[in-house]
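One-letter residues, chain by chain:
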Amino acid sequence: MPYHYEKNGQAIYDESFATIRREAKLNNFDKNEEQVVVRMIHAAGMVGLEKHIRFSPGMVSSARLAMDGGAPIFCDARMVSEGVTRQRLPADNDVICTLHTDGIHGLAAKIGNTRSAAALEHWRDNLGGSIVAIGNAPTALFHLLNMLEDPKCPRPAAIIGCPVGFVGAQESKAALWADQPVPCMIVNGRLGGSAMTVAAINAIASRKE
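Report on the accompanying structure. (Residues numbered from 1 in each chain as written. Predicted model: local features only at pLDDT ≥ 70, side-chain atom pairs only at ≥ 80, totals over all residues. Heavy atoms only, no water.)

## Some details on the sheet that holds strand β1 (residues 53-55)
One open sheet accounts for six strands, arranged β1-β6-β5-β4-β2-β3; its pairing is mixed. With partners counted over all chains shown, the strands left at the sheet margins are β1 and β3 (95-96), one partner each. Bridging between β1 and strand β6 (residues 184-187) involves three bridges; their strand directions are antiparallel. What sits directly across from R54, in β6, is I186. Where helix α2 (residues 31-44) meets the sheet, it contacts β1 and β6, and its direction lies at approximately 155° from that of β1. Against the sheet, helix α3 (residues 59-68) contacts β1, β2 (73-75), β4 (131-134), β5 (158-161) and β6, and its axis sits at roughly 115° relative to β5. (Pairing = 2+ DSSP bridges. Helix = DSSP H or I, 4+ residues; strand = E, 2+ residues; numbered from the N terminus. Contact = heavy atoms within 4.5 Å. Axes fitted to C-alpha atoms, helices over the stretch in contact; angles between N-to-C directions.)

Listed below in structure tokens is the structure:
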């Protein structure tokens, strides 16, 4: 006997977002933040995620303004950079991941850190006004915070801090939230990952749901 299921892609999409808005507790977010949260819940398949998402004041507006002005988006992992929907980008923004740049292994050994952290050294001179999206590696977020301790290091316009895992993820996001060197958002605790981070980027890039 054949299975019967919804086959219309737009209908699936519309009902998914309607379900999220019906079930999730979104009252604590402004309109711009809510759109980002809804897409992150959709990516995770997890109503309740909203309890763990935090935005510093004006983060979404700051990030959107930067994107509208052509700011590059620096990503810690290829799963993040490849997930960005280019058609949603408002200014054909560059989406950059330097994890596989030549010499990263040697640089990581030189600085005594992971490849993910070492890759950020290639961002240093171009961080000014950019969007930084960390969706995988807590070491990358910690290294970014250390870089921004230097007053000469250019400041991003916004940081999406959503590394995932059991070692360092919770701590790195807590550090970002405590420091807030620039407007930022985090997912508290161990939760996070590339899908949530991509969803945040795509929601910020375009208001179209």
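Back to the write-up after that little detour.
## Remarks on the pattern of salt bridges
Scanning all chains against the criterion turns up four salt bridges. The shortest N-O distance in the salt bridge between R22 and E15 comes to 3.6 Å. Residue R22 is classed as exposed on the basis of its relative accessible area of 55%. Notably, a salt bridge pairs E34 with R21, separated by 2.2 Å at the nearest N-O pair. Of this pair, E34 sits in helix α2 while R21 sits in helix α1 (residues 9-23), placing them 13 residues apart in sequence. Of the residues examined, E34 reaches a relative accessible area of 22% and is grouped as partly exposed. (Salt bridge = Lys/Arg side-chain N within 4 Å of Asp/Glu carboxyl O. Buried < 20%, exposed > 50% of the residue type's maximum accessible area, 1.4 Å probe, protein only.)

## Here's the deal with the nonpolar core
Among the nonpolar cores identified, the biggest contains 42 residues, and V36, M40, F55, M59, I131, I160 and M185 are the most heavily contacted of them. At eight residues, helix α9 (residues 194-205) tops the list of elements feeding residues into this core. With residues near it in sequence (within four places) discarded, M185 still touches V36, M40, I53, R54, F55, M59, I159, I160, G161, C162, L176 and A200. Counting residues in hydrophobic clusters, the runner-up holds 21 residues, among them I134, A140, L144 and C153. (Core = buried A, V, L, I, M, F, W, Y, C linked by side-chain atoms within 4.5 Å.)

## Digging into unusual backbone geometry
In the Ramachandran plot, D92 falls in the positive-phi region, its phi being about 50° despite a non-glycine side chain. Judged by relative accessible area, which is 66%, D92 ranks as exposed. Phi angles above zero are rare outside glycine, and Q180 is one such case at about 40°. With respect to the helices and strands, the residue Q180 is situated in the loop between α8 (169-179) and β6.

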